[in-house]
Amino acid sequence: MNFENLLIEIGTEELPPKSLRKLAESFLANFIEELNKADLPFGSALWFASPRRLAINVLQLAQAQADKVVEKRGPAIASAFDANGHPTKAAQGWARGNGISVEQAERLVTDKGEWLVYNAKIQGVDTKSLIAGMAQRALDKLPIPKPMRWGSNKTQFIRPVHTVTMLLGRELVPGELLGITSARTIRGHRFMGQASFELDHADNYLTSLQEKGKVLADYHARKAIIKADAEKAAAQLGGSADIQDSLLEEVTSLVEWPIVLTASFEDKFLAVPSEALVYTMKGDQKYFPVFDAANKLLPNFIFVTNIESKDPAQIISGNEKVVRPRLADAEFFFNTDKKHSLESRLPSLDTVVFQKQLGTLKARVERISALAGFIATSIGADAVDAARAGLLSKTDLMTNMVMEFTDTQGTMGMHYARLDGESEAVALAQEEQYKPKFSGDTVPTAGVSCTVALAEKLDTLVGIFGIGQAPKGAADPFALRRAAIGILRIIVENKLPLDLVDLIAKAQELHGSNLSNANAADEVLEFLMARFRAWYQDKGISVDVILAVLARRPTRPADFDSRINAVAHFRSLDAAIALAAANKRVSNILAKVEGALPDTIQPGLLTESAEQALAAKLDELAPQLAPLFANADYQQALTLLSGLRESVDLFFEDVMVMADDQDLKNNRLALLNSLREQFLHVADISVLQ
């Protein structure tokens, strides 16, 4: 079998930078799926992408499908021939469909009978004739939310397509993709190198583009160059660059020939909180800010240009002129906002509706304030500061800075609170109320910050459920799933002694007549409990461990976490499987008992040595287990209970639970009930697998 390397490039107008990697990866994944469906072996496959092209490179691709034999089974012999041995219509129809006569068919004998069979030999098709169809199907499945049409074409794609190149080694693969006929023409950089050139071989794609077209099509190489050069430029400034991966990816997707340059801005702008400056540099201009060793912003930034200029000073000057007005805006907003305290902005919150049925932002912060104070008393935080922080929590939304740079909400509240002379706890809570903002983000640890963050999320969660707008399917316009995970994480990671039932009840009380859903509290609790499962699964905890704890429905998140860790540890013990099976057996036995379960063990009715031994072991463990359960030391408790394995196994080997004697039976049921109750202090381990 012969092999060759395949190149497919789609030349386009500038592609959306935030989607470029996803488009390229999907193109390759979809095409590989097509290759596998077509039974075409290959060595490896790569994707390339730049602002004006998507490309895939399949190495060592078989030039033709292998010939194969397909077994086509016909009717059973009993129905293939009549009593005289002549072929029936069923047999003749099957043979005709396969292009043979009945006499040419073979017979297949199995232990279930005998059938007519035809082993059809199918000749493999040349790969070249399949490529265009496979590529088109791969492109059709790209994640393009809003495809567009251009010119008079009916073809739709994410951006207008100008060129299509499909090469199998040196050979041009015939065909059409997205309305464009395959050709050897490759377009170079928009401003440098050759505008277009002919590609002679698939293997020369990267080098020809780089040398002739001044395009670095290898996305990963481009990204690595930008990162390395930016870090080097920052080091020359005596600092380090803030190179967030998402921004680095976006910049990589914006340029075909990356040139890293350094620029500066006036020192006076450093009087503005750095977050606002960083926001405009990163968000609006796609620049990398530079910080010194003390993490203070330097009056410099690093940017990436898409052209190699003979006079880079002109490009640097141009970027400095572009960013200066944005920094000046931030400076103006900051100086203007400082003239008014956060507290003075409270009345203006009454002019903004949070949600039609839930009232204004003013009503919202009053609820958050009261709820934060309530939580503070439960966790030993400063209730006065908590209530104050909650009251001010949304006032920065009315500042000029946040209205212009929306991502600075909370952060600017912190800075303005400090300028107003608020306590540091109140100021810090302004920023940390929104934490965690995303998966993997940190949670607040300061007491006051925790209270406001919890109150802010609970107010939203209970309010939205209370007006009957719970998330449905994938839709979650109020980000309630994120809020729920945030609540659980804050409580668990800070080991706060809080009960979800109490928190929900207080939040519901504060909403008063706003809520129309009578089942809101139960629905919110169920929603939060469901997030436990999703969260722990993401952490790698097995589903049966989660279900074992969920069966007991502990509503204190920190307690829930202790149980999860204990059961996960117990599951690793040698005795776990046997005790889980025994608990399942006990559960099934007790489930069949009508009426109340007997709960009193009478020592005089313990007639078998095995039941006496189990009862003695339970009596021995009971005083040791009680303080462990009281202190939520569930791991040590389950470790002690694992020592029951031998006694439990012996009990089920030697003792008939459902004895004819009613007193004996009830006594043994009481013993099993006592055994199960000890485990149920932690979880229902009968669901462990």
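Computed from a predicted structure; not experimentally measured.

Trainee: Even after reading the chapter, I still don't get the packing of helix H22 (residues 609-630) against helix H25 (residues 662-680), so can you show me in this structure?
Mentor: When two helices pack together, their arrangement is captured by the angle between the axes and the distance separating the axes. Running from amino to carboxyl end, H22 crosses H25 at an angle of 30 degrees, the nearest separation of the two axes being 10 Å. In terms of orientation, H22 lies roughly parallel with respect to H25. Pair H22 / H25 crosses with left-handed handedness. Together, Glu611, Leu614, Ala615, Leu618, Ala622, Leu625 and Phe629 of H22 and Arg668, Leu671, Ser674, Leu675 and Gln678 of H25 make up the contact between the two elements. Partitioning the contact of H22 with H25 into residue classes produces eight nonpolar, two polar and two charged.

Trainee: Looking at this model, I keep getting lost on the sheet that holds strand E8 (residues 171-172). Mind explaining?
Mentor: Backbone hydrogen bonds are what pair the strands of a sheet, in a parallel or an antiparallel way. Reading across the sheet, the five strands line up as E2-E3-E1-E7-E8 and stay open at both edges, with antiparallel pairing between neighbours. A single partner strand is all that each edge strand has here, and the edge strands are strand E2 (44-50) and E8.

Trainee: Quick question: what am I supposed to make of the packing of aromatic side chains here?
Mentor: Aromatic ring pairs: the centre-centre distance and the angle between the two ring planes describe each pair. If you walk through the whole model with that rule in mind, you get 17 aromatic pairs. Plain terms: the ring middles of Phe333 and Phe405 are 6.3 Å apart, the flat faces sit at 70 degrees to each other, and that makes the pair edge-to-face. One end of the pair, Phe333, is in helix H9 (residues 312-337); the other, Phe405, is in the loop between helix H12 (400-404) and helix H13 (411-419), and 72 residues separate them in sequence. Overall, the relative accessible area of 14% leaves Phe333 in the buried class. Judged by centre distance (5.4 Å) and plane angle (85 degrees), the rings of Phe651 and Phe652 are edge-to-face. You can call Phe651 buried: its relative accessible area is 0%.

Trainee: Would you mind showing me how to read the pattern of salt bridges here?
Mentor: Oppositely charged side chains can form a pair if their charged atoms are brought close together. Going through the model one piece at a time under the given rule, you end up with 42 salt bridges. Among the ionic pairs, Arg21 bridges to Glu249, the shortest N-O distance being 2.8 Å. Of the two residues, Arg21 sits in helix H1 (residues 20-37) while Glu249 sits in helix H7 (residues 245-252), which places them 228 residues apart along the sequence. Residue Lys394 is joined to Glu456 by a salt bridge in which the shortest nitrogen-to-oxygen separation is 3.1 Å. A residue pair is termed long-range when its members are at least 10 positions apart, and Lys394 in the loop between helix H11 (383-392) and H12 and Glu456 in helix H15 (residues 447-466) qualify at 62 residues.

Trainee: Before we go on, may I ask you to explain the side chain of Thr408 in this structure?
Mentor: Within the element layout of this structure, Thr408 appears in the loop between H12 and H13. Look past the residues within four positions of Thr408 in its chain and what remains in contact with it is Glu275, Ala276, Tyr279, Asp396, Met401 and Val402.

Trainee: How should I be thinking about the environment of His415 in this particular structure?
Mentor: Along the chain, His415 turns up in helix H13. Taking relative accessible area as the criterion, His415 reaches 16% and is therefore assigned buried. Separated by 13 residues in the primary sequence, His415 and Leu428 have C-alpha atoms spaced 8.7 Å apart.

Trainee: Where do I start with helix H18 (residues 520-538) in this structure?
Mentor: Residues lying three or four places apart along an α-helix face the same way, a consequence of the helix completing one turn every 3.6 residues. An ideal rise of 1.5 Å per residue puts 27 Å on 19 residues; H18 measures up with 27 Å between its terminal C-alpha atoms. Of the surrounding secondary structure, the elements contacted by the buried residues of H18 are H15, helix H16 (480-493), helix H17 (500-511), helix H19 (543-550) and helix H20 (557-571). Immediately downstream of H18, the backbone of Gly540 shows phi near 90 degrees, a positive value.

Trainee: I'm lost on the pairing of strand E1 (residues 3-12) in this one. Help?
Mentor: A regular strand places its side chains on the two faces of the sheet in alternate fashion. For E1, the tally of buried residues reaches eight of 10 residues, placing the bulk of the element in the interior. Taken together, the eight bridges between E1 and strand E3 (residues 53-62) define a ladder with antiparallel strand orientation. Across the sheet, the residue bridging to Glu4 is Leu61, located in E3. Of the strand pairs in this sheet, E1 and strand E7 (residues 161-168) are connected by seven bridges, and their pairing is antiparallel. Considered in E7, the bridge of Thr12 is made with Val161.

Trainee: I'm lost on the packing of H9 against H13 in this one. Help?
Mentor: Where H9 contacts H13, the two axes come as close as 11 Å, and the packing angle between them is 45 degrees. Between H9 and H13, the angle is such that the two are oblique. Handedness of the H9/H13 crossing: right-handed. Where H9 approaches H13, its residues Phe333, Phe334 and Asp337 are matched on the opposing element by Met412, Tyr416 and Leu419. By residue class, the composition of the contact of H9 with H13 is five nonpolar, no polar and one charged.

Trainee: Looking at this structure, I do not really get unusual backbone geometry. What am I missing?
Mentor: Glycine aside, the phi torsion of most residues is negative, and most peptide linkages are trans. That bond from Lys435 to Pro436 is cis: its omega, -10 degrees, falls within 30 degrees of zero. With respect to the helices and strands, the residue Pro436 is situated in the loop between helix H14 (424-432) and H15. The phi dihedral of Lys214 is positive, around 55 degrees, even though this residue is not glycine. Tracing the backbone shows Lys214 in the loop between helix H5 (205-212) and helix H6 (219-236). Although it is not a glycine, Ala632 sits at a positive phi angle of roughly 60 degrees. Here Ala632 is to be found in the loop between H22 and helix H23 (634-641).

Trainee: In this structure, what is going on with the sheet that holds strand E5 (residues 106-110)? I would like to understand it.
Mentor: Spatial ordering of the open sheet is given by E4-E6-E5, a layout of three strands whose pairing is antiparallel. Single-partner strands in this sheet number two, and they are strand E4 (68-76) and E5. Adjacent strand axes in the sheet meet at a mean angle of 40 degrees, parallel and antiparallel pairs treated alike. Sheet topology note: the E4/strand E6 (residues 113-122) ladder contains seven bridges and is antiparallel. Bridge pairing in E6 places Arg73 opposite Val117. Contacts from helix H3 (residues 89-97) reach E4 and E6 within the one sheet, and its direction differs from that of E4 by about 165 degrees.

Trainee: Honestly, the environment of Phe651 in this entry has me stumped. Any pointers?
Mentor: If you trace the backbone, Phe651 turns up in helix H24 (residues 645-654). With residues up to four places along the chain from it excluded, the contact list for Phe651 reads Ala610, Glu611, Leu614, Val657, Leu671 and Leu672.

Trainee: Teacher, can you tell me more about the environment of Pro477 here?
Mentor: Following the sequence through the fold, Pro477 ends up in the loop between H15 and H16. The exposure class of Pro477 is exposed, given its relative accessible area of 72%. Sequence separation of Pro477 and Asp559 is 82 residues, and the distance between their C-alpha atoms is 31 Å.

Conventions and cut-offs
- Residues numbered from 1 in each chain as written.
- Predicted model: local features only at pLDDT ≥ 70, side-chain atom pairs only at ≥ 80, totals over all residues.
- Heavy atoms only, no water.
- Axes fitted to C-alpha atoms, helices over the stretch in contact; angles between N-to-C directions.
- Helix = DSSP H or I, 4+ residues; strand = E, 2+ residues; numbered from the N terminus.
- Parallel < 35°, antiparallel > 145°, perpendicular 65-115°, else oblique.
- Left-handed = near helix turned anticlockwise from the far one by under 90°.
- Contact = heavy atoms within 4.5 Å.
- Nonpolar A, V, L, I, M, F, W, Y, C, P; charged D, E, K, R; others polar.
- Pairing = 2+ DSSP bridges.
- Phe/Tyr/Trp six-rings, centres within 6.5 Å; stacked < 30°, edge-to-face > 60°.
- Buried < 20%, exposed > 50% of the residue type's maximum accessible area, 1.4 Å probe, protein only.
- Salt bridge = Lys/Arg side-chain N within 4 Å of Asp/Glu carboxyl O.
- Expected span 1.5 Å × (residues − 1).

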